[in-house]
Amino acid sequence: MATATTMTLDEFLALPETEPPSEFACGRIVEKPTPTWFHSRLAARLAALFEIYFMAHDEGYVNVELRHASREERRAYVPDVSIARWERAPRTASQRREGAIEQTPDIAIEIASPDDRPARIADKLAFYLRAGVPLVWIVDPDERTLTAYTPGRPPTVFGEADTADAAPVLSAFRLPLHDLFSVLDRGLEPGS
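Before going into details, it helps to say that this report is about the structure given with it. (Residues numbered from 1 in each chain as written. Predicted model: local features only at pLDDT ≥ 70, side-chain atom pairs only at ≥ 80, totals over all residues. Heavy atoms only, no water.)

Moving on: the overall build of the protein. Summing up its helical and strand segments, the protein has 5 helices and 12 strands in all. Per-residue burial over the protein gives 46% buried out of 192 residues. Restricting the contact set of the protein to residue pairs at least 6 apart, pairs at least 24 apart contribute 59%. Surface exposure of the protein reaches about 10200 Å², of which carbon and sulfur atoms provide 53%. (Helix = DSSP H or I, 4+ residues; strand = E, 2+ residues; numbered from the N terminus. Buried < 20%, exposed > 50% of the residue type's maximum accessible area, 1.4 Å probe, protein only. Contact = heavy atoms within 4.5 Å. Areas by Shrake-Rupley, 256 points an atom, 1.4 Å probe, with all protein chains shown as cover.)

The next point concerns the nonpolar core. If you look at the biggest cluster of nonpolar residues, it comprises 31 residues, and the most contacted ones within it are Leu-46, Phe-50, Trp-137 and Leu-170. Secondary-structure elements contributing two or more residues to this core are α2 (37-56), β6 (81-85), β7 (107-111), β8 (135-140), β9 (145-149) and α5 (177-181). When residues in this core are grouped by element, the largest group, 8 residues, is from α2. Tyr-77, Leu-125, Phe-127 and Tyr-128 belong to the second largest nonpolar core, which has 11 residues in total. (Core = buried A, V, L, I, M, F, W, Y, C linked by side-chain atoms within 4.5 Å.)

What follows covers the sheet that holds β6. Strand order across the open sheet formed by 6 strands is β3-β6-β7-β8-β9-β10, with mixed pairing between neighbours. Of all the strands in the sheet, just β3 (60-64) and β10 (156-158) have a single pairing partner and so form its edges. Neighbour-to-neighbour, the strand axes of the sheet open up by a mean angle of 15 degrees, direction not taken into account. Sheet topology places β6 next to β7; 3 bridges connect them, and they run antiparallel. From the neighbouring strand, Ser-82 faces β7, where its bridge partner is Ala-108. (Pairing = 2+ DSSP bridges. Axes fitted to C-alpha atoms, helices over the stretch in contact; angles between N-to-C directions.)

Structure, rendered in structure tokens:
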């Protein structure tokens, strides 16, 4: 839900953090939906799988709910999971310790929640692509799909039986979607 009050990006970035994190678009604070159990499990699993990959392939790093800011777009946004290559990492300790990162990730991952409005997801997707994010994943736990978006190409939808890759960003990352979505079923009572 957006508030009626407008402010500048700098005013927003000076505010104390909220839980869940708020985002900022064109003068308005936008509250992110509170993560569900499915959402949280998928974010944790994705972060773990990318960490395992980066231990073998030192190409980049993964963050969960890291705030990014775009002065050109007057936005501050918090992808559920973001990936960046090492050459784009903040170079000073203060840049890593304080505030938002003022660059786009190389991969932005959003996990759909039941409270998400399709318009909110579409707006963020359009922003990511406009801002030059090379790869955006929208993960839908209910449909058990991952939709990959790259600028200038039609989206690719992967189902639970498929394997997604992280091209053009990462050289060899492969994600069997069954391995991702299986974390949602562990411990469920039969027939629930």
